[in-house]
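# Close look at the chain arrangement
What follows is the residue order along each chain.
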Protein chains: 2
Amino acid sequence: MSTFVVVGGDAAAMSAASKAKRDDPDLDVVVFERGEWVSYGACGLPYYIKGEIQSLQDLVSVTPEQFREERDIDLHTGHNVVDIDPDEQTVTAESDEGTVVQAYDSLLVATGAAPVMPPIDGLDREGVYTLGSMSDGKELREYVARARSEGDLQQSDSGPACQFLDSCNGPVGIVGGGYIGIEMAEALAANDFEVHLLQRGDRILKAFSEATSETVAEHLAEQDVAVYLDAEVEELAGDDVVDAVVTDDQRVPVEMVLVGTGVRPRTELAEGAGIELGPTGAIATDAYRETNVPDVYAAGDCAEAEHVVTGEPAYVPLALTANRHGRAVGATVAGTPTEGGGVAGTSAVKAFEVEAARTGMLDHEEAREAGFDPITETIEARSRAGYYPEGGTVEVTLTADQESGRVLGGSLLSEYGEGAVHRSHALVGAVTEGITLRELSNYDLAYAPPFNTTWDPVLTAAKVLEGKR
Amino acid sequence: MSTFVVVGGDAAAMSAASKAKRDDPDLDVVVFERGEWVSYGACGLPYYIKGEIQSLQDLVSVTPEQFREERDIDLHTGHNVVDIDPDEQTVTAESDEGTVVQAYDSLLVATGAAPVMPPIDGLDREGVYTLGSMSDGKELREYVARARSEGDLQQSDSGPACQFLDSCNGPVGIVGGGYIGIEMAEALAANDFEVHLLQRGDRILKAFSEATSETVAEHLAEQDVAVYLDAEVEELAGDDVVDAVVTDDQRVPVEMVLVGTGVRPRTELAEGAGIELGPTGAIATDAYRETNVPDVYAAGDCAEAEHVVTGEPAYVPLALTANRHGRAVGATVAGTPTEGGGVAGTSAVKAFEVEAARTGMLDHEEAREAGFDPITETIEARSRAGYYPEGGTVEVTLTADQESGRVLGGSLLSEYGEGAVHRSHALVGAVTEGITLRELSNYDLAYAPPFNTTWDPVLTAAKVLEGKR
């Protein structure tokens, strides 16, 4: 009888545990999760805070009881793994009930990621939040509920006044213009907060194309979100409670601040066990997600993976990769060595009434470092046939290699519901398979007037960029 | 000075003419179109008849005047080409003004397709329509307008009564359950006609998967369309005017019939010039769309093209291929030999409140003939995250080769707006590049709760079918 131990309880962890047990029911599968929640959809938290999802429980796809009873997985919540001993092949976990030492034959480290805290003062003030866990989500929702009920009781004469809205539940600050910042801008604006979003660089959503960034920023402004670019936040000021975001050149009064400046891999446990990190600072693995330590795997937000364009390690901590790589590890430890595939750096975001997706390599500096000579073009096209009575605009940015014509990356934006995100599926295939602009422009994509123009915008973009080579 | 002559005036023809002139402004480009309309979106006709598009003119993307004045194309409408002489390199066209003989250096035959008329009696009765041209569209719209205004004036006591609806503009019959039949069912039902759709085989949309066919048929029934399967139509009965569709075992009273039983390539002109047809009965071409006759090209609905899965000739007369191949011919005759790519047999259809797309090879008999050992599976999955407050169901059918795991084809269906059609973009790439189910299931597709589950339904389908190998 062999034992598979999993450290962590979310996407990669529980995908691995479930797949391993399903493929090999004789395997002992033991999971240690330090918190109380397992297998939850953290990506849904902004919509829970917004109020569109009523219970945190709704974000849980499989409950601890189901894992234990239906899937026969030995799941321990409230157990913090403090040590991995690769020589003895054991892990040590601490809980309220004491310390347990568990032997393993194979081990998955799925310790996830933690919010990156920027080097600014005042992060410990009351009213400063991050969104990295279910309990973070709970606290934010409680804040929203509290502020709303106070707003109902009094015409807010305590905190700072609204600058842009006739009435609001108090201005709030968001530090960081990535997808968490933007989804939270939507969630908070929907609850009548006046939202001030501060971005350090010169554009939001910097993983996307410049065109996408600009269009989303314009859309946020239309939605009464105040967007501050090149805003170097120095302090979250206040007494006990935060009352302003202070940058190098201004002071924005707020009643609450959400810090969403990215995440870093949780690697401390792995490092302590001699598990090597890669160039990105996340845990290095091979194509089977095995680390340098035999029989020890790493997957999900704590690990890096090979980029489909360059073949080089990349750190793109997102849900699908965690699920996919966890599942591959589960299959592998159950006896069928399974590669989980690389990452294309694909992501999607809804921002109020627009949607956007990006995949592959868009940044010219990165592309040049990888040996390409990048060219980029952005086109705008109708999302449905021009004569069709509904529809909007799809904006497509493509980046390709000048010399070979190879498609390196893409970024798409449309009104919500007009298909930018699902259309990006075509580009994921293109960057993964390494096809050229001409090959892409010759794809026989689906067409009918209610869905696109005869040449889908993706094809038009490929034609236009090919024409510039 | 070289002359490029184009026979035909729609997608392939005008794409070729425009591209050739743009790439080589010194080229003389002469177009002969026998009708009055050029460069029109025939795919929009059902929505014009439905009443969602107000003018036939709205379906025209570029007018004859624009072609002549802005693009410097010598366009002759009302000119019917009756002869091609490959030895002399001339075409002969007849018009009201007489006969012209035009010399060419290169020639494109883009004569399109004509509706297939099934071998049944009564096709010449009044009230029997097809939908193959702009004038067909005009007649159908006039019929709808006339029936509606008569319906307003009298409680229809003339023609047959409605069977299923409390009131209607008279029952109408549609012979054929392909995309034209289905789009016209929507168009006619929206105008309060009681629609009877008769399909010869045991399912509608037979190019799609059985699952898609069944779900669309159920949806049509929910929309009060009477669907008759295995209905062998023998006669469109009546005196002067059709009044019933008669099958081998029933008689369906109707006031009008639309026959939509597919199209056949118009090849007579080409055949007369010694241009060879391929195994599909359409004009055979090489990868550059050149026929067996040097400097004579064929593209669009009159020509076949190589299927991306088999590499063998296929006849899939659809708008994108016509545009793409026309454009490629234009580039070629202007001096840059250009392949237009193969066909994947991709198509999309909206049927009332559902949307569907298909691509590649789904039919097991065809797949076996091509040397594959096909397996198929259909899955149903949520179109957005389960906890997200909106969304529906995406049904995905995949067909793959048992031995290699190669993805051969797919069929997708969802509620309209839930992304079945745009998601099919992923499968077009998969069948075109010849990737396996495992490779597809490892694709890093975009994910966020408002757009899909963590594993997009396309990925889930790939995983499930891979699990059955």
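Everything numeric here is computed off the predicted structure, so don't read it as measured data.

Reading the values: the criteria
Residues numbered from 1 in each chain as written. Chains lettered and ligands numbered in written order. Predicted model: local features only at pLDDT ≥ 70, side-chain atom pairs only at ≥ 80, totals over all residues. Heavy atoms only, no water. Least-squares fit on C-alpha atoms with pLDDT ≥ 70 in both. Pairing = 2+ DSSP bridges. Helix = DSSP H or I, 4+ residues; strand = E, 2+ residues; numbered from the N terminus. Axes fitted to C-alpha atoms, helices over the stretch in contact; angles between N-to-C directions. Domains from an automatic or database assignment. Contact = heavy atoms within 4.5 Å. Buried area = accessible area lost by both parts, 1.4 Å probe. Salt bridge = Lys/Arg side-chain N within 4 Å of Asp/Glu carboxyl O. Polar contact = N/O pair within 3.5 Å; in protein donor to acceptor, adjacent residues only side chain to side chain. Buried < 20%, exposed > 50% of the residue type's maximum accessible area, 1.4 Å probe, protein only. Right-handed = clockwise from strand over helix to strand, strands pointing away. Parallel < 35°, antiparallel > 145°, perpendicular 65-115°, else oblique. Left-handed = near helix turned anticlockwise from the far one by under 90°. 1 Å grid on protein atoms, 1.4 Å probe; cavity = no way out; pocket = protein on both sides within 12 Å on 5 of 7 lines; lining within 4 Å. Points joined across faces, edges and corners; volume = space filled by probe spheres on them. Nonpolar A, V, L, I, M, F, W, Y, C, P; charged D, E, K, R; others polar. Disulfide = S-S within 2.5 Å. UniProt positions renumbered as here; feature names shortened; annotations may be inferred.

## Some words on the relation of the copies chain A and chain B
- After a rotation of 180° and a shift along the axis of 0.0 Å, chain A superposes on chain B with an RMSD of 0.0 Å. Those values place the two copies in the arrangement expected of a two-fold rotation axis.

## Thoughts on the sheet that holds strand β21 (residues 347-351) of chain A
Residues and elements named next belong to chain A.
- The five strands lie next to each other as β21-β22-β25-β24-β23, forming an open sheet whose pairing is antiparallel. This sheet does not close on itself; its edge strands, each paired only once, are β21 and β23 (374-382). Adjacent strand axes in the sheet meet at a mean angle of 10° when their direction is disregarded.
- Note that β23 and strand β24 (residues 393-401) share nine bridges and pair antiparallel. Opposite I379, over in β24, you have V396 as the bridge partner.

## Regarding the sheet that holds strand β22 (residues 354-360) of chain B
Residues and elements named next belong to chain B.
- One open sheet accounts for five strands, arranged β21-β22-β25-β24-β23; its pairing is antiparallel. At either margin of the open sheet sits one strand with a lone partner, and together these are β21 (347-351) and β23 (374-382). Across the sheet, the mean angle from the axis of one strand to that of its neighbour is 10°, orientation sign disregarded.

## Here's the deal with the domain arrangement of chain A
Residue and element names in this part refer to chain A.
- Annotation of chain A at the domain level lists domain 1 (3-112 + 264-333), domain 2 (128-259) and domain 3 (353-467).
- Taken residue by residue, the interface counts four residues in domain 1 and eight residues in domain 3.
- For the pair domain 1 and domain 3, the summed buried area comes to about 440 Å², and 71% of that belongs to carbon and sulfur atoms.
- Broken down residue by residue, the surface that domain 1 buries against domain 3 is led by V308, V309 and T310, which jointly contribute 86%.
- For the pair domain 1 and domain 3, the number of links is zero salt bridges.
- Inspection of the region where domain 1 meets domain 3 yields one residue pair in polar contact (both at pLDDT 80 or more).

## Details of the pairing of strand β11 (residues 194-198) of chain A
Residue and element names in this part refer to chain A.
- Burial within β11 is extensive, with five of its five residues counted as buried.
- In β11, alternate side chains face the same way, and those of E194, H196 and L198 on one face and V195 and L197 on the other are all buried.
- Between the parallel pair strand β10 (residues 171-175) and β11, the chain is carried across by helix α5 (residues 179-189), and the sense of this crossover is right-handed.
- With three bridges joining them, β11 and strand β12 (residues 226-228) adopt parallel strand pairing. Bridged to L197 within β12 is V227.
- Tracing the backbone out of β11, into helix α6 (residues 210-222) and back to the parallel element β12 gives a crossover that is right-handed.

## Structural notes on the packing of helix α1 (residues 11-23) of chain B against helix α8 (residues 319-333) of chain B
Residues and elements named next belong to chain B.
- Orientation of α1 relative to α8, taken along the N-to-C sense of each, is 30°, at an axis distance of 7 Å. As far as their axial angle goes, α8 and α1 are roughly parallel. In the crossing of α1 with α8, the sense of the turn from one axis to the other is right-handed. Of the residues in α8, those in contact with A11, A12, S15, A16, K19, A20, R22 and D23 of α1 are A319, A322, N323, G326, R327, G330, A331 and V333.

## Considerations on empty space enclosed by the protein
- Under the criterion given, the structure shown has two cavities of 30 Å³ or more.
- In this structure, the largest cavity encloses a volume near 80 Å³.
- Taken together, 14 residues make up the lining of the largest cavity; nearest its centre are G300(A), A303(A), A305(A), V316(A) and T321(A).
- Grouping the amino acids of the lining of the largest cavity by side-chain chemistry returns nine nonpolar, three polar and two charged.
- In this structure, the second largest cavity encloses a volume near 70 Å³.
- Around the second largest cavity, the lining comprises 13 residues; the ones closest to its centre are G300(B), A303(B), A305(B), V316(B) and T321(B).
- Element by element, the count of residues in the lining of the second largest cavity is highest for α8(B), at three residues.
- Among the residues forming the lining of the second largest cavity, the class breakdown is eight nonpolar, three polar and two charged.

## Things to note about the state of the cysteines
- Scanning the model with the defined rule gives zero disulfides over all chains in all.
- Here C43(A) is not cross-linked by a disulfide; its sulfur's nearest cysteine counterpart is in C302(A), at 16 Å.

## Structural notes on the UniProt feature "domain: Pyridine nucleotide-disulphide oxidoreductase dimerisation" (unreviewed entry) in chain A
- Mapped onto this structure's residue numbering, the UniProt feature "domain: Pyridine nucleotide-disulphide oxidoreductase dimerisation" (unreviewed entry) falls at residues 348-452 of chain A.
- The span residues 348-452 of chain A carries 24% helix and 36% strand; its end-to-end C-alpha distance comes to 20 Å.

## Some points on the pattern of salt bridges
- A full pass over the atoms with the stated rule returns 34 salt bridges over all chains.
- A salt bridge links K21(B) to D72(B), with the shortest nitrogen-to-oxygen separation between them at 3.6 Å. With a gap of 51 residues between them, K21(B) in helix α1 and D72(B) in the loop between α3 (64-69) and β3 (74-76) connect regions that are remote in the sequence.
- By relative accessible area, D72(B) is classed as exposed at 51%.
- Each of K50(A), E52(A), E186(A) and K350(A) takes part in one network of salt bridges that share partners.

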